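Okay, here's what each chain looks like letter by letter:
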Amino acid sequence: MDEWRFYCEKTDPIPLPPKYTFPQAFNYLNEKGNSFYILEAPNGDYIQCGGGRERCTVEIRRYEDQTRKTYKHSVVGLAPTVSETTSIEMTQGAVIVRTSEVLSRWQAIQLFDSFFHNRELPSWAQLRQVDL
């Protein structure tokens, strides 16, 4: 892949900023028919959000080298990290996450913007690496 790709359950591709902003796109996030957004970088790294506007979860995958054979997959949460779980509803069913990993669309927008502009994640973002 030579360029960024931004898409959701209903639209592929979505024009990237400045033509279309992340807040505009995330207005349509909902658990009953448009429950995910994915932003893929040219190198294959991606950030994905699933759920609805008030309750969503965000995951990030980053390759560790150019061969794209190994990567780190993380769920974004808030401090303090807790082990208690909850579910996030999506079109194809629920996903289970820690309660500290339930975010709002505004937090997801900040994460997507940081990822797209290759900036550090917001200071409130805590990453929990997961094995897939």
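Coordinates for the structure precede this section.
S.K.: Sorry, what's going on with the overall build of the protein here?
M.R.: The number of helices and strands found in the protein is 2 helices and 8 strands. In the protein, the order of α-helices and β-strands from amino to carboxyl end is β-α-β-β-β-β-β-β-α-β. Over its C-alpha trace the protein gives a radius of gyration of 14 Å, about what one expects of a compact globule, namely 14 Å for 132 residues. For the protein, the spread of C-alpha atoms along the principal axes amounts to about 40 × 30 × 30 Å. By sequence separation, contacts in the protein at least 24 residues apart represent 52% of the contacts at least 6 residues apart. Total accessible area computed for the protein in this model is approximately 7600 Å², and 47% of it derives from carbon and sulfur atoms. Within the protein, the 17 negative side-chain charges are centred at a point lying 2 Å from the centre of the 15 positive side-chain charges.

S.K.: Got a minute to help me understand the sheet that holds strand β5 (residues 71–78) in this structure?
M.R.: Strand-to-strand pairing in sheets goes through backbone hydrogen bonds, with the strands running parallel or antiparallel. One open sheet holds the 6 strands; their spatial order is β1-β2-β3-β4-β5-β8, and the pairing between them is antiparallel. Unpaired on one side and paired on the other, β1 (5–8) and β8 (125–130) mark the two borders of the sheet. Across the sheet, the mean angle from the axis of one strand to that of its neighbour is 20°, orientation sign disregarded. In this sheet, strand β2 (residues 36–40) lies alongside β1 in antiparallel orientation, the contact comprising 4 bridges. Each bridged residue has a counterpart across the sheet, and for Y7 the counterpart in β2 is I38.

S.K.: Which parts of the structure should I look at to understand the nonpolar core?
M.R.: One broad rule of soluble globular proteins: the nonpolar side chains tend to lie buried together. One finds F6, F22, F26, Y37, L39 and F112 to be the most contacted residues of the largest nonpolar core, which totals 25 residues. Elements that contribute at least two residues to this core include exactly β1, α1 (22–26), β2, β3 (46–51), β4 (56–63) and α2 (105–116). Non-local contacts of F22, meaning those with residues more than four positions away in its chain, are made with F6, L16, P17, L39, I109, F112, D113 and F116.

S.K.: What is the right way to read the state of the cysteines from this model?
M.R.: What we call a disulfide is simply a covalent bond connecting the sulfur atoms of a pair of cysteines. A complete count under the given rule lists 0 disulfides for this structure. Not engaged in a disulfide, the cysteine C49 finds its nearest cysteine sulfur in C56; these two sulfurs lie 3.7 Å apart. By relative accessible area, which is 0% here, C56 ends up buried.

S.K.: Sorry if this is basic, but what is going on with the pattern of salt bridges here?
M.R.: Pairing of side chains with opposite charge becomes possible as their charged atoms draw close. By the definition in use, this model includes 6 salt bridges. With a shortest N-O distance of 3.8 Å, R62 and D45 are connected by a salt bridge. Of this pair, R62 sits in strand β4 while D45 sits in the loop between β2 and β3; the two residues are 17 residues apart in sequence, bridging distant segments of the chain. Judged by relative accessible area, which is 7%, D45 ranks as buried. A single salt-bridge network, built from bridges that share partners, covers R5, D12 and E40.

S.K.: Could you clarify how one ought to interpret the pairing of β5 in this entry?
M.R.: Look at any regular strand and the pattern is simple: side chains alternate between the two faces of the sheet. The sheet contact formed by β4 and β5 spans 5 bridges and is antiparallel. Bridging across to β5, R62 finds its partner in K72. The sheet contact formed by β5 and β8 spans 6 bridges and is antiparallel. Of the residues in β8, the one forming a bridge with H73 is V130.

The rules we used
- Residues numbered from 1 in each chain as written.
- Predicted model: local features only at pLDDT ≥ 70, side-chain atom pairs only at ≥ 80, totals over all residues.
- Heavy atoms only, no water.
- Helix = DSSP H or I, 4+ residues; strand = E, 2+ residues; numbered from the N terminus.
- Rg over C-alpha atoms; globule rule 2.2 N^0.38 Å.
- Contact = heavy atoms within 4.5 Å.
- Areas by Shrake-Rupley, 256 points an atom, 1.4 Å probe, with all protein chains shown as cover.
- Lys, Arg positive; Asp, Glu negative; His and termini not counted.
- Charge placed at Lys NZ, Arg CZ, Asp CG, Glu CD.
- Pairing = 2+ DSSP bridges.
- Axes fitted to C-alpha atoms, helices over the stretch in contact; angles between N-to-C directions.
- Core = buried A, V, L, I, M, F, W, Y, C linked by side-chain atoms within 4.5 Å.
- Buried < 20%, exposed > 50% of the residue type's maximum accessible area, 1.4 Å probe, protein only.
- Disulfide = S-S within 2.5 Å.
- Salt bridge = Lys/Arg side-chain N within 4 Å of Asp/Glu carboxyl O.

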